[in-house]
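Now for the letters of each chain:
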Amino acid sequence: MPDPAARDAAEEASAFSHPAVPPDASAAYGEHPDQVVDFYAPRDGRQRAPLVVALHGGAWRAPYDRTHLTPFVDFLARRGFAVANVEYRRGSDIPRQGGTAPVAGRWPETFHDVAAALDAVPKLAEEHLPQADARRIVLTGHSAGGHLALWAAARHVVPADSPWRLPVPPALRGVVALAPIAHFDRAVELDVCGDAVTQLLGGQGEFDVRARYADPALLLPTGIATTVVQGRDDIVVPQAVAEAYVEAAAKAGETVGFTLLQDVGHFPLIDPAADACAVVAEEIAQLAF
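An account of the accompanying structure is given in this report. Residue indices follow the written sequence of each chain, beginning from 1 at its first position. Whole-chain, interface and lining totals are the exception, using all residues; otherwise, since this is a predicted model, local features are given only for residues with pLDDT of at least 70 and side-chain atom pairs are given and counted only at 80 or more. Hydrogens and waters are ignored; side-chain quantities use all the structure's heavy atoms.

## Remarks on the overall build of the chain
The condition is simple: To qualify as a helix, a DSSP run of H or I must reach at least 4 residues; to qualify as a strand, a run of E must reach at least 2; elements of each kind are numbered from the N terminus. Per-residue accessibility, obtained with a 1.4 Å probe over protein chains only, is compared with the maximum for each type, and a residue is labelled buried under 20%, exposed over 50%, and partly exposed between these values. Only heavy atoms enter the contact rule, under which two residues are in contact if any of them lie within 4.5 Å. The method behind every accessible area is Shrake-Rupley, applied with a 1.4 Å probe, and residues are considered shielded solely by the protein chains displayed.
Scanning the chain from N- to C-terminus turns up nine helices and eight strands. Structurally, the chain occupies a C-alpha span of about 50 × 50 × 40 Å along its principal axes. For the chain, the proportion of its 289 residues judged to be buried stands at 58%. Across the chain, contacts joining residues at least 24 apart in sequence account for 76% of those joining residues at least 6 apart. A total accessible area of about 11,600 Å² is found for the chain, and carbon and sulfur atoms account for 51% of it.

## Overview of the pattern of salt bridges
How we decide: For this analysis, a salt bridge means a side-chain nitrogen from Lys or Arg found within 4 Å of a carboxyl oxygen belonging to Asp or Glu.
Counting across every chain of the model gives 17 salt bridges. Here Glu 11 and Arg 7 are joined by a salt bridge, their closest N and O atoms 3.4 Å apart. Here Glu 11 and its partner Arg 7 are both found in helix H1 (residues 4-15), four residues apart, which amounts to about one turn of the helix. The class for Glu 11 is buried, based on a relative accessible area of 15%. Among the ionic pairs, Asp 133 bridges to Arg 48, the shortest N-O distance being 3.8 Å. Here the residue Asp 133 occupies a position in strand E5 (residues 132-142), and Arg 48 occupies one in the loop between strand E2 (36-40) and strand E3 (49-55), the gap between them amounting to 85 residues.

## A short note on the packing of helix H3 (residues 109-128) against helix H4 (residues 144-152)
Helix-helix packing is characterised by the crossing angle of the two axes and by the distance between the axes. What counts here: To get an axis, fit a line to the C-alpha atoms, keeping to the stretch in contact for a helix; angles then go from 0 to 180 degrees between the N-to-C directions. Angles below 35 degrees are treated as roughly parallel, those above 145 as roughly antiparallel, those between 65 and 115 as roughly perpendicular, and all remaining angles as oblique. Left-handed describes a crossing whose near helix is turned anticlockwise from the far helix through less than a right angle; right-handed describes the clockwise counterpart. For this scheme, ten residues count as nonpolar: Ala, Val, Leu, Ile, Met, Phe, Trp, Tyr, Cys and Pro. Four count as charged, namely Asp, Glu, Lys and Arg, and the remainder, Gly too, count as polar.
The interhelical angle for the contact between H3 and H4, taken along N-to-C directions, is 60 degrees, at an axis separation of 11 Å. With respect to H4, the axis of H3 lies oblique. Considering how the two elements wind past one another, H3 and H4 form a crossing that is right-handed. Seen from H3, the contacting residues are Thr 110, Phe 111, Val 114, Ala 115 and Leu 118; seen from H4, they are His 147, Leu 148, Trp 151 and Ala 152. Here the residues of the contact of H3 with H4 sort into seven nonpolar, two polar and no charged.

## Some words on the sheet that holds strand E8 (residues 257-261)
Put simply, the test is: Strand pairing is defined by DSSP finding a minimum of two bridges between the two strands.
The eight strands are arranged E1-E2-E4-E3-E5-E6-E7-E8 in an open sheet whose pairing can be described as mixed. Each of the sheet's edge strands pairs with one partner strand only, and the pair in question is strand E1 (25-28) and E8. On average, each strand axis in the sheet is tilted by 20 degrees relative to the strand beside it, whichever way the strands run. The pairing of E1 with E2 spans four bridges and is antiparallel. Following the sheet pairing, Ser 26 is matched in E2 by Asp 38. Where helix H2 (residues 70-78) meets the sheet, it contacts E2, E3, strand E4 (82-86), E5 and strand E6 (174-178), and its direction lies at approximately 165 degrees from that of E4. Where H4 meets the sheet, it contacts E3, E5, E6 and strand E7 (226-231), and its direction lies at approximately 135 degrees from that of E5.

## Overview of the environment of Ser 17
Stated precisely, the cut-off is as follows: The definition of a polar contact used here is a pair of N or O atoms within 3.5 Å, where within protein one atom must be able to donate a hydrogen and the other to accept one, and adjacent residues in sequence count solely through side-chain atom pairs.
Within the fold, Ser 17 resides in the loop between H1 and E1. In terms of polar contacts, Ser 17 uses its side chain to reach the backbone carbonyl oxygen of Ser 14, at 2.7 Å.

## A closer look at the packing of aromatic side chains
Keep this limit in mind: Classification of ring pairs rests on two measures: the distance between centres of Phe, Tyr or Trp rings, Trp counted by its six-membered ring, which must be within 6.5 Å, and the angle between planes, read as stacked under 30 degrees, edge-to-face over 60 and tilted in between.
Across all of its chains, the model carries seven aromatic pairs by this definition. Pairing Phe 16 with Phe 267 gives two aromatic rings, centres 5.9 Å apart and planes at 75 degrees, and the pair type is edge-to-face. With Phe 16 in the loop between H1 and E1 and Phe 267 in the loop between E8 and helix H9 (275-288), the pair connects residues that are 251 residues apart, well separated along the chain. Here Phe 267 falls in the buried class, since its relative accessible area comes to 10%.

Structure, rendered in C-alpha cells:
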C-alpha cells in the first residue's frame, strides 16, 4: 500500500506541473486587483455553449490564486464549455502570531467578492465571451472553492440580515463541488488545512455566529441540483467532510449526488492528466446540457 502522504505529494505535483493557460479575455467586477474574472472560449468553436463558473481552492489563502486552476479550466474549454475563472480576495500573506501558514480567508471580503462576481458574470460574459450561454450556468469549485461554490448556490437561504442574501434562487443549472470543505464542524474536527475554517470566520470567538452565514451544511435545502465529487483517498479534505454535508442535506430533505472515486486523492479532480478530471467534466455536462 503506498504511503498516503507520498501519494498526495505526487498527485499535487502532477496537478501543478501543467503550464498556466492564459485567458481569451478578462474583466473586472470591482476595483480591487483580485476582483477579476478570466474567460475561456470553447475550443471547438461552438456558439451558445454552457457557461461553467469555476472557483479555485487553496484554503482561502493568498499564495493560491486562480492560476493553478487554468489547466483544468482549459480542459473544460477543450470539451466544449465556455468557462469563467473567478478570482477573489483571500487571506493575508502574513501568518497569525505563532502560526506558520498564511491566514485563511478574509471576513467578509472573501464572501463579498464571490457574491459580487457571481452577480456580475452573466453581464460580463455577454460582453467578453459571446460564445457563452448565460442561461445555462454550472458552478464548480475545488476544495475551498468547492465550499464557495456550494455557498454561492445557497445565497437565497442565508439569514435574512445577510448582505449576500438573494431574494430568489440563483439562476444555475447546478453545482459540481470537488472535494469541498462543505461541513465546517466536521472540517474543524479533522483540522482540515490547518485550522483554515476557523481562520476564515475570523477566529473561534466568531465561529458560531458567522458559520450561520457561511457553512453550506447549515444552508440547506437549496433546491439547486448539486453533485459532490470526492476521492476516497483524499487526505487534504477527507471523504468524511463530504459525507457529513451529504447527510446534512438528506436530513434537510434534499438529495445531493455523491460520486466517490476509488484510488483518487485531492488533486486528480483538477488534473487534466488524471482520469478523475474526465469524470468531473462528465458530471458538469450532466447538468449543463
